[in-house]
Protein chains: 2
Amino acid sequence: MIQTEILCQSPIFRGISPDDLRELFSRILYQVKTYQKNELITIGGEICDRLLIIQQGSVKAEMTDYSGKVIKIEDLAAPWPLATAFLFGKENRFPVTVSATSEVEMVSIPKPEFVKLLQMNSLILNNYLNTISSRAQFLSQKLKFLSFKTIRQKIAHFLLEKAGDRLQTVEIMQTQGQLAEMFGVTRPSLARALSEMSQEGLIKIDRRSIKIQDKNRMNQLLKN
Amino acid sequence: MIQTEILCQSPIFRGISPDDLRELFSRILYQVKTYQKNELITIGGEICDRLLIIQQGSVKAEMTDYSGKVIKIEDLAAPWPLATAFLFGKENRFPVTVSATSEVEMVSIPKPEFVKLLQMNSLILNNYLNTISSRAQFLSQKLKFLSFKTIRQKIAHFLLEKAGDRLQTVEIMQTQGQLAEMFGVTRPSLARALSEMSQEGLIKIDRRSIKIQDKNRMNQLLKN
DNA sequence: TTTTGTTTGTAACATTTGATACAAAAATAC
DNA sequence: GTATTTTTGTATCAAATGTTACAAACAAAA
């Protein structure tokens, strides 16, 4: 049985009343499946031709590496949808193996039926488009960040982004350790780069606030 | 005037007959705007609340860096859509400044009207979902590749991916130089890493074919 | 205040990679 | 077959970053 009070909390059905959602579901085909703890739900590599939404319980996603060993990727709980990014596009396969970590109820909507839902209700359509677009935008940002090779470049990008057109001084909310992790470098390396940039007059560091002293030279760092 | 013979070549309208497309357009609001050479079409940072499709001519996309200098990003021509990844999601702003490089006709569909199109025609809906999903999948792959830090890791990932479960020997189609560029490293560095891995018995290199001799140790390289 | 734990600055050394150069090997052209 | 170009293997040195370690500064708790 579907529980629309839970499902309407899901990112895809957000903003829809439980009653409306029940009405919508009555017009499509779907299944509600129950899985016991530790039971397999999807296998990595399997074709992804249906949308799965956790209605009750929690699952874990794992990936198999090339030698066959298993790495845990993430934990998900109701009312989250699974693999929204793999229903469409060229790579229609589950990237991960999903199994139940408690007793689980899973709503399974075949792709053609989900397309009907998208066409019947513009809120669902917008929610879904927003979900996958935001993901693409997030990945794109992350990729841009990774494209800067040296630590100085990463620092410059981070500071200029935070400062925008106007500000000269940026207040950092994270510790150096957290920043270093974001940048994918070690903490002492980040500290060294910061102190060198400070010595060279590019920035001025006072605790957690950093003043950009030479915007032009900072920009030149990003040229390559 | 819209030219549906051209527009139906666009990734978003692919598979739809010119006549059907004309009928669909008759049911929504849209504009066809003409731009002279060098005229501005969108400005980076501007809100992206409409879908733009090049119907005639070509444009260039440029980005402004933090110091105000302009970097060319890409050239686009008819019948390509602009910024499909920024119509929805959290970041609804054009990332680039677009200007005409020849006389240009641009079809402009306001976002709510485009949503109508998506709901009226499931082919358009599928095309659009496939476009942005594929983009997210592509970015995700690229990100995964970049997450490997050492050259050895990149080599291991590349070879294990190519080999799959079965094969032991991988035939490389590119030159070392091309591979090095893909990996974002210099050619001598790649050659050195390969020869070291060969000395350590991980792989055996014979011209353009590389045999994976120790899959387990290769996998361990990817653990961190 | 004193104590304790966290954050920061910095140093010494090891490792990885880039830059450059050059010769051997292979592929291609003549 | 010879000449020319491309590709590959390798060496040397420099630059960037990681690793480890430790002390000073700071913040929170007792």
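Check the entry above for the structure.
This section reports on the structure supplied with the text. (Residues numbered from 1 in each chain as written. Chains lettered and ligands numbered in written order. Predicted model: local features only at pLDDT ≥ 70, side-chain atom pairs only at ≥ 80, totals over all residues. Heavy atoms only, no water.)

1. Focus: the overall build of chain A
Counting its secondary structure elements, chain A contains eight helices and eleven strands. For a compact globule of 224 residues, the expected C-alpha radius of gyration is about 17 Å, and chain A comes in at 23 Å, more than 25% above that figure. On the principal axes, the C-alpha backbone points of chain A span a range of 65 × 45 × 30 Å. Counting the 224 residues in chain A, one finds 44% classified as buried. Counting contacts in chain A only where the partners sit at least 6 residues apart, residues at least 24 apart contribute 68% of the total. Here chain A has roughly 11,600 Å² of accessible surface; of this, 50% comes from carbon and sulfur atoms. Here chain A contributes 30 positive and 23 negative side-chain charges, whose respective centroids are spaced 9 Å apart. (Helix = DSSP H or I, 4+ residues; strand = E, 2+ residues; numbered from the N terminus. Rg over C-alpha atoms; globule rule 2.2 N^0.38 Å. Buried < 20%, exposed > 50% of the residue type's maximum accessible area, 1.4 Å probe, protein only. Contact = heavy atoms within 4.5 Å. Areas by Shrake-Rupley, 256 points an atom, 1.4 Å probe, with all protein chains shown as cover. Lys, Arg positive; Asp, Glu negative; His and termini not counted. Charge placed at Lys NZ, Arg CZ, Asp CG, Glu CD.)

2. Let's talk about the packing of helix H6 (residues 176-183) of chain A against helix H7 (residues 187-199) of chain A
Residues and elements named next belong to chain A. In contact at an axis separation of 8 Å, H6 and H7 are set at 100 degrees when each is read in the N-to-C sense. It follows that H6 is roughly perpendicular to H7 by the angle criterion. Facing H6, whose interface residues are Gln176, Gly177, Leu179, Ala180 and Phe183, H7 presents Arg187, Leu190, Ala191 and Leu194. A class-by-class count of the residues in the contact of H6 with H7 yields six nonpolar, two polar and one charged. (Axes fitted to C-alpha atoms, helices over the stretch in contact; angles between N-to-C directions. Parallel < 35°, antiparallel > 145°, perpendicular 65-115°, else oblique. Nonpolar A, V, L, I, M, F, W, Y, C, P; charged D, E, K, R; others polar.)

3. As for the protein's contact with DNA strand D
For DNA strand D, the set of nearby residues contains 18 residues, the closest of which are Thr150, Ile151 and Ser189 of chain A together with Gln176 and Arg187 of chain B. When the atoms of DNA strand D within 4 Å of the protein are grouped by moiety, sugar and phosphate amount to 50% of the total. The separation between a phosphate oxygen of DNA strand D and a polar side-chain atom of serine 189 of chain A is 2.8 Å. A distance of 3.0 Å separates a base nitrogen of DNA strand D from a polar atom in the side chain of arginine 192 of chain A. Mapped onto the surface near DNA strand D, the elements with two or more residues apiece are H7 of chain A together with helix H7 (187-199) of chain B. Taken together, the residues of the surface near DNA strand D sort by class into five nonpolar, seven polar and six charged. (Near = heavy atom within 4 Å. Polar contact = N/O pair within 3.5 Å; in protein donor to acceptor, adjacent residues only side chain to side chain.)

4. Observations concerning the relation of the copies chain B and chain A
For the pair chain B and chain A, the superposition axis carries a translation of 0.1 Å, the fit reaches an RMSD of 0.4 Å, and the rotation angle comes to 179 degrees. In short, the pair behaves as if placed about a two-fold rotation axis. (Least-squares fit on C-alpha atoms with pLDDT ≥ 70 in both.)

5. Regarding the protein's contact with DNA strand C
Near DNA strand C there are 17 residues, and of these Gln176 and Arg187 of chain A together with Thr150, Ile151 and Arg207 of chain B occur at the shortest range. At the protein interface, 55% of the atoms of DNA strand C within 4 Å belong to sugar or phosphate. Between DNA strand C and the protein, one listed contact pairs a phosphate oxygen with a side-chain N or O atom of glutamine 176 of chain A at 2.4 Å. At a separation of 2.9 Å, a base nitrogen of DNA strand C approaches a polar side-chain atom of arginine 187 of chain A. If you list the elements that add at least two residues to the surface near DNA strand C, you get H7 of chain A together with H7 of chain B. The greatest single-element share of the surface near DNA strand C, amounting to four residues, is contributed by H7 of chain A.

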